[in-house]
Each structure stands twice: as structure tokens, then as C-alpha cells.
Amino acid sequence: MLRLQLPLCLLALAVSSPLMAQARRVSPDKINGYWILLNRSVDVDVPNSGKNIYKPGCVAVTFTIGSDGIPRDIKAVKTVPASDLTPVAVNAVKHFTYGPSLTNRAGEPVDTYYVVPFNGPSDKAGQQALMAPCQLPGYDQN
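All figures in this text were calculated on a predicted structure; none of them were measured in a lab.

### A word on the overall build of the protein
If you tally the helices and strands in the protein, you get three helices and six strands. For the protein, the N- to C-terminal ordering of α and β elements is α-β-β-β-β-α-β-β-α. Expressed as a percentage of the 142 residues in the protein, the buried residues total 33%. The contacts of the protein with a sequence gap of at least 6 include a subset with a gap of at least 24, amounting to 76%. Carbon and sulfur atoms provide 58% of the accessible area of the protein, an area that totals close to 9,100 Å².

### Re the environment of Tyr 113
Examined against the element boundaries, Tyr 113 turns out to sit in strand E6 (residues 110-118). What makes Tyr 113 buried here is its relative accessible area of 4%. Separated by 49 residues in the primary sequence, Tyr 113 and Thr 64 place their C-alpha atoms 8.2 Å from one another. Within the local environment of Tyr 113, its side chain forms a polar contact with the side chain of Gln 135, the two groups lying 3.0 Å apart. There is a polar contact of 3.0 Å between the side chain of Tyr 113 and the backbone nitrogen of Leu 136.

### Description of the state of the cysteines
A full pass over the atoms with the stated rule returns one disulfide. At a sulfur-sulfur separation of 2.0 Å, the disulfide partner of Cys 58 is Cys 134. Across the S-S bond linking Cys 58 and Cys 134, the dihedral sits near 90°, which makes this disulfide right-handed. Placement of the pair is Cys 58 in strand E3 (residues 57-65) and Cys 134 in the segment after helix H3 (124-131), with a sequence separation of 76 residues. Cys 134 shares its class with Cys 58; the two are buried.

### Brief notes about the sheet that holds strand E4 (residues 71-80)
If you walk across this open sheet you meet the four strands as E1-E6-E3-E4, and the pairing is mixed. A single partner strand is all that each edge strand has here, and the edge strands are strand E1 (24-25) and E4. Where E3 lies against E6, nine bridges are found, and the strand directions are antiparallel. Within the sheet, the bridge partner assigned to Val 59 lies in E6 and is Val 116. Against the sheet, helix H2 (residues 86-94) contacts E3, E4 and E6, and its axis sits at roughly 150° relative to E4. Along the sheet, H3 contacts E3 and E6; its crossing angle with E6, the most-contacted strand, is approximately 115°.

Cut-offs applied
- Residues numbered from 1 in each chain as written.
- Predicted model: local features only at pLDDT ≥ 70, side-chain atom pairs only at ≥ 80, totals over all residues.
- Heavy atoms only, no water.
- Helix = DSSP H or I, 4+ residues; strand = E, 2+ residues; numbered from the N terminus.
- Buried < 20%, exposed > 50% of the residue type's maximum accessible area, 1.4 Å probe, protein only.
- Contact = heavy atoms within 4.5 Å.
- Areas by Shrake-Rupley, 256 points an atom, 1.4 Å probe, with all protein chains shown as cover.
- Polar contact = N/O pair within 3.5 Å; in protein donor to acceptor, adjacent residues only side chain to side chain.
- Disulfide = S-S within 2.5 Å.
- Pairing = 2+ DSSP bridges.
- Axes fitted to C-alpha atoms, helices over the stretch in contact; angles between N-to-C directions.

Pasting the structure below:
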């Protein structure tokens, strides 16, 4: 009996490991409770021509902040309106670096997203309206 229990325990552990490894989902407005963005600007190459590159719009980019503060698994999941600026947004997020907040000294990895605005107004209300279509559900579960 003991021999049979050990493999079953290992099987149960192997099946549950991906679930345990899943990072906490944190909305962008709560990310500072876990990670602080260290660089306030990044350099990216923007194309001179392309689809909707001069129209106001946004791109929602999902990623995991690893225990080292480096974004991983970076994906553009929503672009409004459809635009050739999607790769530019992904490239911008690739250059982000984070440091753990005081409440996350252990560097717990988290899943989050960032909305990259393009060609938006300079006022805060206008920027929020521009980025609203790129807000993603399911990240406010904390």
C-alpha cells in the first residue's frame, strides 16, 4: 500500500503544480502595492507610416513581472483602433524594469497589464477616455 501512495502523491503534486505556480492577477491601478516601475520613459522606434499610426488609440499589453522585476510573457491583447502601433507597445513594455514595493520584499511575481496610449490628448480626463476601451476585465480580484 505504501508504494502505491507515493506515486499517487507525486501525481497529485505534478497535476497541481501549474495551479500553484500561477501568479496573482493585479490591476494596473494596484500594481504599486507589489512592484514599482523604475524607468519613467523608454525609447521605442515608431514607424513613419502604417495603419492608423496617427490616430488616437491604445494597446493593452499583458505580462508577468518576474521575481527579478523583468516583464515576461508579454502579449498585446487589445488594440483600439486596429493599428500598426501594436508591436511598438509590446516593445515599450519589454523595456520596463520594476523594483519590489516595501510590501513585496520577497519579489512575488504578478500578472498585470499596461495600457499604452498613442496620439492622445494631454489632459488627464482625455487620456482616461482614450485608454478606457483597452481596460481588461479579471485583474481586479485582489
